[in-house]
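# Analysis of the macromolecular model
Below, each chain spelled out in residue letters.
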Amino acid sequence: MRSNLAGPRLLLRRLREVMAEPIKAQERLDKIVVLIAANVVAEVCSVYILRADGVLELYATEGLKREAVHQASLRVGQGLVGLIAAEARPLNLPNARAHPAFAYLPETGEEAYNSFLGVPILRAGRTLGVLVVQNQSHRTYLEDEVEALQTTAMVIAEMVAAGELEAIAQKDTGLDLSRPIHATGVALAEGVGLGHVVLHEPRVVVTNLIAEDSEAERQRLDGAINRLRLSIDDLLASGDIAATGEHREVLEAYRMFAYDRGWTRKIEEAIRNGLTAEAAVEKVQSDMRARMLRQTDPYLRERLHDLDDLAHRLIRELMGREHGPQTSELPQDAIIVARNMGAAELLDYGRDRIRGLVLEEGGPTSHVTIVGRALGIPMVGQLDDIVSLADAGDAIIIDGEAGEVHLRPAQDVEHAYAEKVRFRARRQAQYRRLRNKPSVTKDGIEISLQMNAGLLVDLPHLAEAGAAGVGLFRTELQFMVASAFPRMREQQAQYEQVLAAAEGKPVTFRSLDIGGDKVLPYLRSIQEENPAMGWRALRLGLDRPGLLRTQLRALLKAGAGRDLKVMFPMVAEVAEFMRAKDLVERELKHLRRHGHAVPENLRLGVMIEVPSLLFQLEELLHQVDFVSVGSNDLFQFFCAADRGNTRVADRFDTMSRGFLRALKKIVDAANVAHVPVTLCGELAGRPLEAMALIGLGFRDLSMSPAALGPVKAMLRSLDAGRLSARLLPRLDPGHPETDIRDFLKRYAAEMDIAL
């Protein structure tokens, strides 16, 4: 049942007048509740605002006792008002006393009222308070009256967001919107950053809520929706998705929602009730977000992200704003907060001002994580709804070691982390003093410490950290940050710059490792049941030899007259390496035939990351010039545990006896064959694990630049021979001690080894 539609529009006009008056916050709220009570013919209208301590405090009322304002309160979940705040949905009751959640507040004098209508005060789906009307008679409120309250709640939400109500908050009881939030996600890249929030996709703040002409607003909406639909249709029809940075699946979801009549009807209804087109989109999306956040189905929650993105795009279309990150005015201490982002987008920000990156999604192997880690940016991922909880300019702390984020931190937390940053700086200064010290254990064993890299910006770390060379150069990063497939000359120029920057130190180039989780947006990908073990890396290169040969030619030309090391990833059989080696020979013949110089000393190797190679080591080592252990993939395949899956990623220990035996098998076989062996996975960069690797017999380790100092400090305090004598017997099946990690910790403490 509906009443005359003039009611909501008249209310909005009067609300606009109240909002324009130069009056204090309390007086404005008092006028708003009087307006609402008159509009819906209610005897009571009350506003409850959510405080930082989880309490809903009465901030204004018409009809209840005035002395109860700022005195009466309920906790979230307590009473009808608390229930609305907890569930973020309206409650319309003809007999409130009969509801099981009813709670009586004697200080308000509300005992005389029976009917009850309450709506949540929402902003971006987040509850900031509750707006209530009550009557003595038993009645069910009309749809228009519910709409009127929801629209008014939007106005009050903007008052809260603008900080207007902070002036009338009781001492030591700040509002919920400004409360400190501590969230724990997944640590993606180590380091600590203190700074201020920069939203990667900044929300457009809708300040014009109330429409002058509803029909004109409806036409604006129609035009914006048609333009949005057309842009999505054009992208999908052309297949040129790379220019937008969006994947096809996301665009398909956008198209589904953009053509959904139920969604557009709700927006049109809000416009008919007096909202501007952009305010109507914001209202409908906030209502839907609040409902969908209560869903436990992961599919529905994922669709919420798609709806959020679509609504933001539509608001931008309505307001004539460009879509995409605004990077022109970054603060000096920017911490980027995003749902997700591409590797190239991160590079657009400029490294000198970024102190951290916080993602709602993002995993350890995502493109942006790989690039962020290479740039030394602290990162935390898999933090639900962090984009909605954060506002641009909020103070924020990111702890990339513990996987924690502190949004709007309390002063004592900020002081504690500032001290932690100072402590880390002192430790880094100590490590820098080790830069020119030899990487030699206490018993005189030299350990070569090299660094992993993938971009030109990584190369200055070679000298800064005192690395012996680049043990792993991930060539795919150049492809991941490019908007189109790099041509042969572009690849050659990159490799020449890398070799020049290395200044004679060895560089091991890994051939293109794409596929699986590393999908290039400009290459058509295929859907696979298990992409990590699918068509990727060398498998893809051998099936598309033109792609691999282009890269090999670029590498060979870049290495002309120099030493050049190239290794191939994801080799499962020796025959695959032999096929790759044949392609190299063909490219060498081609270059010589056309008078091009070739590398003076070319060495070809294999990355051992597929367990099947453990049973072909003798044949493999007879064919290669060197091997490198990719411990990240080797471990996930060894344990059948996807390292990007948080349910199983930490289920198995890299220091398990079985895996250490496998690593020992590799290093022993390489030593017998006199073939150099390096380990370049994440194991090498953690001092405790690096200590174990040295105990197993590894003498060449490659790691992130930031890990070189801590690992060097460890090995210089280590007697490698003594460790091996204690460690190796514990790998035997009959040894009673099976917890190798615990043994290593105790051993390090006993021998005063710097970890």
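What you see is a predicted model; the values in this text were computed from it and never measured.

## What about the packing of helix α16 (residues 488-502) against helix α18 (residues 545-558)?
- It is at 8 Å that the axes of α16 and α18 come closest, and there the two elements cross at 40°. With respect to α18, the element α16 is oriented oblique. The crossing of α16 and α18 is right-handed. Contact with α16, carried on its side by Met488, Gln491, Gln492, Tyr495, Glu496 and Leu499, involves Thr550, Gln551, Arg553, Ala554, Leu555, Lys557 and Ala558 of α18 and no other residues of that element.

## Structural notes on the packing of aromatic side chains
- Within this structure, the stated rule accounts for seven aromatic pairs.
- Plain terms: the ring middles of Tyr495 and Phe509 are 5.5 Å apart, the flat faces sit at 65° to each other, and that makes the pair edge-to-face. Residue Tyr495 is located in helix α16, and its partner Phe509 is located in strand β17 (residues 507-510); the two are separated by 14 residues in the primary sequence. Like Tyr495, the residue Phe509 is buried in the burial classification.
- Put simply, the rings of Phe473, Tyr495 and Phe509 pair up and form one aromatic cluster.
- Stacked on the ring of Phe743, the Lys or Arg Arg730 has its end atom at 4.1 Å from the ring centre.

## A closer look at the sheet that holds strand β6 (residues 126-135)
- Pairing within the open sheet is antiparallel, and its six strands lie in the order β3-β2-β1-β6-β5-β4. Strands with a single pairing partner mark the edges of an open sheet, and in this sheet they are β3 (73-75) and β4 (91-93). Each strand of the sheet is rotated relative to its neighbour by a mean of 20°, with strand direction disregarded.
- Strand direction decides the pairing type here: strand β2 (residues 55-62) and β3, joined by three bridges, are antiparallel. When the bridges of β3 are listed, Val55 appears paired with Arg75.
- Contacting β1 (44-50), β2 and β6, helix α2 (residues 25-39) crosses the sheet at an angle of about 70° to β2.
- The sheet contacts of helix α4 (residues 143-161) involve β1, β4, β5 (115-123) and β6, and relative to β5 the element is tilted by about 40°.

## Brief notes about the pairing of strand β15 (residues 448-453)
- The buried fraction of β15 amounts to five of the six residues, a majority that puts the element mostly inside the structure.
- The pairing of β15 with strand β22 (residues 700-703) spans four bridges and is classified as parallel. Bridging across to β22, Gln450 finds its partner in Ser702.
- Sheet topology places β15 next to strand β16 (residues 470-474); three bridges connect them, and they run parallel. If you follow Met451 over to β16, its bridge partner there is Val470.

## Observations concerning the nonpolar core
- In this structure, Phe568, Leu663, Met691, Phe698, Leu701 and Leu744 are the most contacted members of the largest nonpolar core, which totals 94 residues.
- When residues no more than four places from it in sequence are discounted, the contact partners of Leu701 are Ile447, Ser448, Leu449, Gln450, Thr678, Leu679, Ala684, Ala690, Leu693 and Ile694.
- Within the second largest apolar cluster, 65 residues are counted, among which are Val40, Ala42, Ala169 and Ile271.

## Re the environment of Arg657
- Among the structural elements, Arg657 can be located in helix α22 (residues 657-673).
- Note on Arg657: relative accessible area 14%, which makes it buried.
- Separated by 74 residues in the primary sequence, Arg657 and Leu731 place their C-alpha atoms 5.6 Å from one another.
- In this structure Arg657 touches Arg730, Leu731, Asp732, Pro733, His735, Glu737, Thr738 and Ile740, once residues within four positions along its chain are discounted.
- A distance of 3.2 Å separates the side chain of Arg657 from the backbone oxygen of Arg730, its partner in a polar contact.
- Side-chain polar atoms of Arg657 contact the backbone oxygen of Asp732, separated by 3.0 Å.

## Thoughts on the environment of Glu600
- Inspection of the secondary structure assignment puts Glu600 in the loop between α19 (574-593) and β19 (601-608).
- In the structure, Glu600 is positioned 37 residues away from Asp563 in sequence and 5.7 Å away in space, judged by C-alpha atoms.
- Once residues within four sequence positions are removed from consideration, Glu600 is found in contact with Gly559, Gly561 and Arg562.

## Observations regarding the sheet that holds strand β12 (residues 379-381)
- Strand order in this open sheet of eight strands is β7-β14-β13-β9-β10-β11-β12-β8, and the pairing throughout is mixed. Among the strands making up the open sheet, the edge pair consists of β7 (181-184) and β8 (186-189). Ignoring strand direction, the axes of neighbouring strands in this sheet form an average angle of 30°.
- Bridging between β7 and strand β14 (residues 404-407) involves four bridges; their strand directions are antiparallel. Within β14, the residue paired with His182 across the bridge is His406.
- Each of β9 (192-199), β13 (395-399) and β14 touches helix α13 (residues 411-433); the most contacted strand, β9, lies at about 120° to it.

## Notes on unusual backbone geometry
- If you check the backbone angles, His70 has positive phi at about 70° while not being a glycine.
- By the secondary structure assignment, His70 is in the loop between β2 and β3.
- Look at His70 and you get buried, because its relative accessible area is 15%.
- One non-glycine residue, Arg408, adopts positive backbone phi at about 50°.
- Positionally, Arg408 belongs in the loop between β14 and α13.

## Observations concerning the packing of helix α21 (residues 631-639) against α22
- The N-to-C vectors of α21 and α22 enclose an angle of 130°; their axes lie 11 Å apart at closest approach. What the angle tells us is that α21 and α22 run oblique. As for how α21 packs across α22, the hand of that crossing is right-handed. Where α21 abuts α22, its residues Ser631, Leu634, Phe635 and Phe638 lie against Gly658, Phe659, Ala662, Leu663 and Ile666.

## As for the pattern of salt bridges
- Using the criterion set out here, one finds 31 salt bridges in the structure.
- Glu401 is the partner of Lys420 in a salt bridge, and the nearest nitrogen-oxygen pair spans 3.8 Å. Residue Lys420 is found in helix α13, and its partner Glu401 is found in the loop between β13 and β14; the two are separated by 19 residues along the sequence.
- Taking the relative accessible area as the measure of exposure, Glu401 reaches 39% and is therefore partly exposed.
- Among the ionic pairs, Glu682 bridges to Arg686, the shortest N-O distance being 3.8 Å.
- Judged by relative accessible area, which is 34%, Glu682 ranks as partly exposed.
- Through salt bridges with shared partners, a single ionic network connects Asp653, Glu682, Arg686, Glu689 and Arg741.

## Some thoughts on α18
- Spanning 14 residues, α18 covers 20 Å between terminal C-alpha atoms, matching the ideal 20 Å at 1.5 Å per step.
- Among all positions in α18, only Leu547, Leu548, Gln551, Leu552, Ala554, Leu555, Leu556 and Ala558 are buried.

## Quick notes on the confidence of the model for the chain
- Residues at a pLDDT of 70 or more form 87% of the chain, whose mean pLDDT is 84.
- Scored below 50 in pLDDT, residues 1-6 shows 11 contacts in the model against residues more than four places distant or in partner chains.
- This model gives residues 239-247 a pLDDT under 50, and the stretch forms 14 contacts once residues within four places in sequence are excluded.

## Side note on the side chain of Gln26
- Residue position: Gln26 is located in helix α2.
- Contact partners of Gln26, with chain neighbours within four places excluded, come to Tyr59, Ala60, Val69, His70 and Ile168.

Parameters at a glance
- Residues numbered from 1 in each chain as written.
- Predicted model: local features only at pLDDT ≥ 70, side-chain atom pairs only at ≥ 80, totals over all residues.
- Heavy atoms only, no water.
- Axes fitted to C-alpha atoms, helices over the stretch in contact; angles between N-to-C directions.
- Helix = DSSP H or I, 4+ residues; strand = E, 2+ residues; numbered from the N terminus.
- Parallel < 35°, antiparallel > 145°, perpendicular 65-115°, else oblique.
- Left-handed = near helix turned anticlockwise from the far one by under 90°.
- Contact = heavy atoms within 4.5 Å.
- Phe/Tyr/Trp six-rings, centres within 6.5 Å; stacked < 30°, edge-to-face > 60°.
- Buried < 20%, exposed > 50% of the residue type's maximum accessible area, 1.4 Å probe, protein only.
- Lys NZ or Arg CZ within 6 Å of the ring centre and 35° of its normal.
- Pairing = 2+ DSSP bridges.
- Core = buried A, V, L, I, M, F, W, Y, C linked by side-chain atoms within 4.5 Å.
- Polar contact = N/O pair within 3.5 Å; in protein donor to acceptor, adjacent residues only side chain to side chain.
- Salt bridge = Lys/Arg side-chain N within 4 Å of Asp/Glu carboxyl O.
- Expected span 1.5 Å × (residues − 1).
- pLDDT = per-residue confidence, 0-100.

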